[in-house]
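Residue strings, one per chain:
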Amino acid sequence: MADASHPAPLVLGIETSCDDTACAVLDGDGRVLSSVVSSQLAAHRPYGGVVPEIASREHLRNWPAVSAEALERAGVGWGEIGLVAATRGPGLVGALLVGLSLGKAIAYALGRPFHAVHHLEGHLSSPFLRPPAPADPAPADPVPQRFTGLVLSGGHTALYTVDGGAVATLGETRDDAMGEVFDKVGKRLRLPYPQGPHVDRLAEAADGEGTAPAAGPGRFGVAALPGHGFSFSGLKSQALKAIEALEAHGVATDLEAAADGDGGAAAVAPEVLRLLAEFRAAAVAQVLGRLERLAAERPLGVLAVSGGAAANRRLRRDLGAWCAARGVELRLVPLVYSGDNAAMIAHAALLRHRRGLVDDPFSAEAASRIPL
Ligand code: KG4
Ligand code: ZN
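Since the model is a prediction, treat every value here as computed from it, not as a measurement.

The rules behind each value
- Residues numbered from 1 in each chain as written.
- Chains lettered and ligands numbered in written order.
- Predicted model: local features only at pLDDT ≥ 70, side-chain atom pairs only at ≥ 80, totals over all residues.
- Heavy atoms only, no water.
- Core = buried A, V, L, I, M, F, W, Y, C linked by side-chain atoms within 4.5 Å.
- Buried < 20%, exposed > 50% of the residue type's maximum accessible area, 1.4 Å probe, protein only.
- Helix = DSSP H or I, 4+ residues; strand = E, 2+ residues; numbered from the N terminus.
- Contact = heavy atoms within 4.5 Å.
- Axes fitted to C-alpha atoms, helices over the stretch in contact; angles between N-to-C directions.
- Parallel < 35°, antiparallel > 145°, perpendicular 65-115°, else oblique.
- Near = heavy atom within 4 Å.
- Polar contact = N/O pair within 3.5 Å; in protein donor to acceptor, adjacent residues only side chain to side chain.
- Nonpolar A, V, L, I, M, F, W, Y, C, P; charged D, E, K, R; others polar.
- Lys, Arg positive; Asp, Glu negative; His and termini not counted.
- Salt bridge = Lys/Arg side-chain N within 4 Å of Asp/Glu carboxyl O.
- Pairing = 2+ DSSP bridges.

**Student:** Would you mind going over the nonpolar core in detail, with residue names and values included?
**Tutor:** As a rule of thumb, soluble globular proteins bury nonpolar side chains together. Counting residues in hydrophobic clusters, the biggest one holds 71 residues, and the most contacted among them are Leu150, Leu255, Val272, Leu276, Phe279, Val287 and Leu291. Per element, the largest residue contribution to this core is 13 residues, and it comes from helix H8 (residues 270–297). With sequence-adjacent residues up to four places away left out, Leu276 is seen in contact with Val185, Leu189, Val199, Leu202, Ala203 and Leu255. In terms of nonpolar packing, the next biggest core, distinct from the first, is built from 24 residues, Val36, Trp63, Val84 and Phe114 among them.

Here it is as structure tokens:
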């Protein structure tokens with residue numbers, strides 16, 4: 001709970017770029033006083049993916065309850081908010097517009113500075129947030145002047161260098177994002193959206209929950225590209241073909257029933273679990289391969305890894321081992337802040353505020369695609 005001792009400015013963050021309606025309150029030290037994320041999964045589930053029009057409507061419907069809960073959990077009133085931030089893009093324009101318009105209106109009504117934050121700027125600094133501790137939240141860790149950023153989400157897979165807040169892209173995926181191929185392969189197996197966590201959980205069962213020697217990429221190739229880019233569509237095609245091959249051998253691949261709970265893996269054919277473990281191994285091996293190449297060229301310094309797919313258990317283990325072996329300081333986003341959330345948006349705004357930046361609430365615009 002906030003009390004008078006929380007340093008100013010209190011930051012209200014709003015994130016509505018896709019299918020999560022999120023609101024958070026941070027204090028001036030980057031302490032997360034509250035972070036509320038309302039998932040729209042149930043509304044989109046019948047369609048097997050996110051329906052933009054439904055997302056916008058759901059944001060409008062959810063906002064009053066989500067914002068009220070964020071303020072209540074933080075123990076602050078509207079008048080105590082000192083800074084307002086909302087995501088400006090990239091994302092679904094209709095969905096972005098809801099949060100951005102709310103943010104501008106709130107900033108104007110309160111007479112407070114406003115920040116229109118790039119979604120990836122939010123992910124990039126999210127590894128420095130501390131996991132929530134309701135009774136005694138910790139300040140965010142200082143963000144180093146320079147760090148290497150790796151964002152792995154459903155829409156982006158890219159490597160960046162960040163220097164004093166200035167972001168330069170080293171390389172990004174030339175086709176699908178990492179989370180996206182987990183979703184597509186899972187969808188082919190009739191797992192519900194978002195399929196990434198299910199695929200990870202079933203692969204984890206094949207790898208003995210991380211206690212047995214983990215699968216290698218097996219039948220799947222690990223993409224090797226020049227430069228620092230990524231490519232996941234080849235792996236996706238290979239995985240879809242491998243599923244077909246299993247079906248041709250009479251293996252059951254409809255995993256709809258395996259979606260619930262942790263016991264679901266018991267009902268899945270071992271061949272399918274094995275396939276998912278090899279698929280996951282190949283995806284993670286590509287990420288490590290790209291880091292290996294980058295590290296051969298320059299010291300990585302601090303490596304900050306974020307985004308929804310940074311929740312992947314194999315990735316977290318392998319990254320930990322890889323960084324420890326090379327003396328790279330790894331900052332892995334806390335699991336609660338890996339997926340989309342508003343704490344990361346408020347945090348990015350606080351960092352911008354400390355650098356003396358501010359946006360004009362009248363001219364800030366939402367955009368589906370914007371460079372960093
Ligand atoms: O960052 P995020 O919440 O939204 C975007 O900005 O895209 O990332 C969502 C993506 C989805 O594709 C989801 O399936 C994937 O992250 N994801 C995972 C895992 N958890 C979420 N992918 C692989 N393994 C996971 N454990
Ligand atoms: Zn995201």
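Next comes the rest of the account.
**Student:** Lay out the packing of helix H7 (residues 233–248) against H8 with the relevant residues and their values.
**Tutor:** Contact geometry of H7 with H8 gives a least axis separation of 11 Å together with a crossing angle of 170 degrees. In terms of their interaxial angle, H7 and H8 are classed as roughly antiparallel. Residues Leu235, Ala239, Ala242, Ile243 and Leu246 of H7 form the contact with H8, whose own contacting residues are Glu271, Val272, Leu275, Phe279, Ala282 and Ala283.

**Student:** Account for the site of ligand 1, naming residues and giving values.
**Tutor:** Around ligand 1 there are 21 residues in total, and Gly154, Asp183, Asp200, Gly308 and Asn312 lie nearest to it. A distance of 3.3 Å separates an oxygen atom of ligand 1 from a polar atom in the side chain of His119. Here Asn312 contributes a side-chain N or O atom positioned 3.0 Å from a nitrogen atom of ligand 1. Those elements that place two or more of their residues in the shell around ligand 1 are helix H4 (119–125), helix H5 (178–188) and helix H6 (196–206). A breakdown of the residues in the shell around ligand 1 according to their chemical character gives 5 nonpolar, 12 polar and 4 charged.

**Student:** Could you give an account of the side chain of Asp20, naming the residues involved and the relevant values?
**Tutor:** On the secondary structure map, Asp20 appears in strand S2 (residues 20–26). Although Asp20 is buried, it makes no salt bridge; Arg45 carries the closest opposite charge, 11 Å away. Contacts of Asp20, omitting those with residues within four sequence positions, involve Glu15, Val37, Ser38, Ser39, His59 and Asp340.

**Student:** Tell me about the pairing of S2, and please be specific about residues and values.
**Tutor:** Here S2 lies mainly inside the structure; 7 of its 7 residues are buried. Along S2, one buried face is formed by Asp20, Ala22, Ala24 and Leu26 and the opposite face, lined by Thr21, Cys23 and Val25, is buried too. Of the strand pairs in this sheet, strand S1 (residues 10–15) and S2 are connected by 5 bridges, and their pairing is antiparallel. When the bridges of S2 are listed, Glu15 appears paired with Ala22. Here S1 hands over to S2 after 4 residues, the two strands then running antiparallel side by side. Linking S2 to strand S3 (residues 32–39), which pair antiparallel, is a turn of 5 residues; within it Gly30 sits at a positive phi near 75 degrees.

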